[in-house]
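Here's the letter readout for the chains.
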Amino acid sequence: MNGTSRTSRKNKSKFKQQNKNRSNGKQNSNHYNGQQNTNTSVSKKQQALLNAPVKLGDEVLVTIHGIGSSGEGVGRVEDFTVFVPFALPGETVKVSITMVKKTYATGRLLEIVTMAPNRIDASCDLYGFCGGCQLQHITYEGQLSLKTQKVKDVIERIGHQNPELVKPALGPKDPWAYRNKMQMPVGGTKGDILMGFYAMGSHDIVQGTNCPIQDEGNNSIAQACYQIAKEFDIEPYNEHTGKGILRHVIGRIGQSGWMVILVTATDNLPHQEKWVKNLTERVPQVETIVHNVNGKRTNVILGPKNRILYGDGTITDHIKDLRFTLSPHSFFQVNPEQTTVLYDQALKYANLKGEETVIDAYCGTGTISLFLAHKAKHVIGIEIVEPAINNARENARRNGYDNTEFIVADAAVEMPKLYKAGVRPDVIVFDPIRAGCKEEVLTSAAGMEPKRIVYVSCNPATMARDIEILTHYGYELQEVQPVDMFPMTSHVEAVALLKKYVRV
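Residues numbered from 1 in each chain as written. Predicted model: local features only at pLDDT ≥ 70, side-chain atom pairs only at ≥ 80, totals over all residues. Heavy atoms only, no water.

### Looking at the pattern of salt bridges
Rules: A carboxyl oxygen of Asp or Glu within 4 Å of a side-chain nitrogen of Lys or Arg is what we treat as a salt bridge. Secondary structure elements are defined from DSSP: runs of H or I of at least 4 residues count as helices, runs of E of at least 2 residues count as strands, and each element is numbered from the N terminus. Only protein chains enter the area calculation, which uses a 1.4 Å probe; residues under 20% of their type maximum are buried, those over 50% are exposed, and those in between are partly exposed.
One pass over the structure, following the stated rule, counts 13 salt bridges. Across the pair Glu59 and Lys94 runs a salt bridge whose closest N-O atoms are separated by 3.5 Å. Of this pair, Glu59 sits in strand β1 (residues 59-67) while Lys94 sits in strand β4 (residues 92-100); the two residues are 35 residues apart in sequence, bridging distant segments of the chain. Residue Asp79 is joined to Arg76 by a salt bridge in which the shortest nitrogen-to-oxygen separation is 3.7 Å. Residue classification places Asp79 among the exposed residues on the basis of a relative accessible area of 64%. By relative accessible area, Arg76 is classed as partly exposed at 41%. Within the structure, one salt-bridge network assembled from shared partners comprises Glu394, Arg397 and Arg398.

### Some points on helix α6 (residues 336-350)
Rules: One fewer than the residue count of a helix, multiplied by 1.5 Å, yields its expected span. Residue contacts are defined here by distance: any two heavy atoms, one from each residue, within 4.5 Å place the two residues in contact.
With 15 residues, α6 extends 21 Å from end C-alpha to end C-alpha; this agrees with the ideal 21 Å at 1.5 Å per step. What α6 keeps buried is the set Gln338, Thr339, Thr340, Leu342, Tyr343, Gln345, Ala346, Leu347, Tyr349 and Ala350. Its buried side turned inward, α6 meets β13 (315-319), α7 (367-373), β18 (427-430), β19 (452-457), β20 (475-483) and β21 (493-500). Directly beyond the C-terminal end of α6, a positive phi value near 50° is found at Asn351.

### Remarks on the side chain of Asn180
Looking at the element boundaries, Asn180 is found in the loop between α3 (140-157) and β6 (181-189). Setting aside residues no more than four positions away along its own chain, Asn180 makes contact with Asn218, Gly251, Arg252, Ile253, Asp317, Phe332, Gln333, Val334 and Pro336.

Any functional reading would require information beyond the geometric quantities listed.
Listed below in structure tokens is the structure:
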């Protein structure tokens, strides 16, 4: 559906319901509400709040000029920043102020006064309640434009680099039904079980087993598991009390077949034989079923203990001509089509001719390492998680690569060791966690003086920070390519190329 010149009835009713849900008991009593302070001394924080042009509960008009890190609209009231979820750049919106801090406020969208031309109705009925997506209310072309600008902004503001070095974001042919991994929390009460996704900004479960960004196979798994759990009257886990049994249902879609992981807080899964019989009958594509035990009161989904109930506990997937065996704890990108785009871009920037030594500093299970090994002379992968390194070695063996070496170590510790040992790679590839690289890794990498550094990032803000550090060690940013791995969400990945600056 194309954008229209007026707010649709569907959007209006949805915003009203969202506003009602979000306002019930959500206001924090610690937030200053603008009332007269009777104390003779006023703290700097209180003074800043007194000086803010908006107060808690105010209804104001805000013109949106940008997009925030979580997909929310960003506007200003008298040069004071206001974040507004579900508002888009170019819109003027009526907002109720829900929180005021020293330097910014947040507001609840009440009405769209002037609508952006690329605004559309969300296709999912749970959008705005479920926290999984943030950008369904904009055309996909608009999403790519916003994500490109998001990367440009951090490259300029944090990295102090030319934003024109950022290329337009690359998206898939179809931005729907792409996720090959599903993780659904289970809650509610015995006899009234809930299963779905967490509501935005909370751990309240929004009931729903048909997600439009999930592979249809995962929706089939979710619907079958929900029905079986209800039929067997399984007691759901209560994260507040730590009591109950079933915590999460996980689905993984591979090319060989499908995996189901049932996570419980108890050592035993009630009716486990019936689970296997019912699941395999209702979803015959299921190749393996694993019972995972997580008895800790934690937000971490998987526990350390797995019991195989059906199959051998693994499935197989491919990236181009590379074959990977996946176990319950294996990391694997959730968007197969875009993973190929991301890794091809990294390989392009590495510009390997067949004689290079390459270090993959955060190699995980070796997916990027094996892409590099196809064209490099020797690849050294470093990863702190030992099971991931074991998987990397097995993946290299299975795919016939004997020009790889995988080391279990913290890159921040191992990189300085390799540098002192005289290792001088031609190319270094970074693919760190969201926090980015530790500075010891960057300084050691720069000291090795590789011709090229390829930085793959799931968080362009920390990538920009690290790029700025590397420029002080003689590296020059050449290009940044955003890749949309997660359509309909605010997330974007990027690949950057830096070259050693050579003085003429």
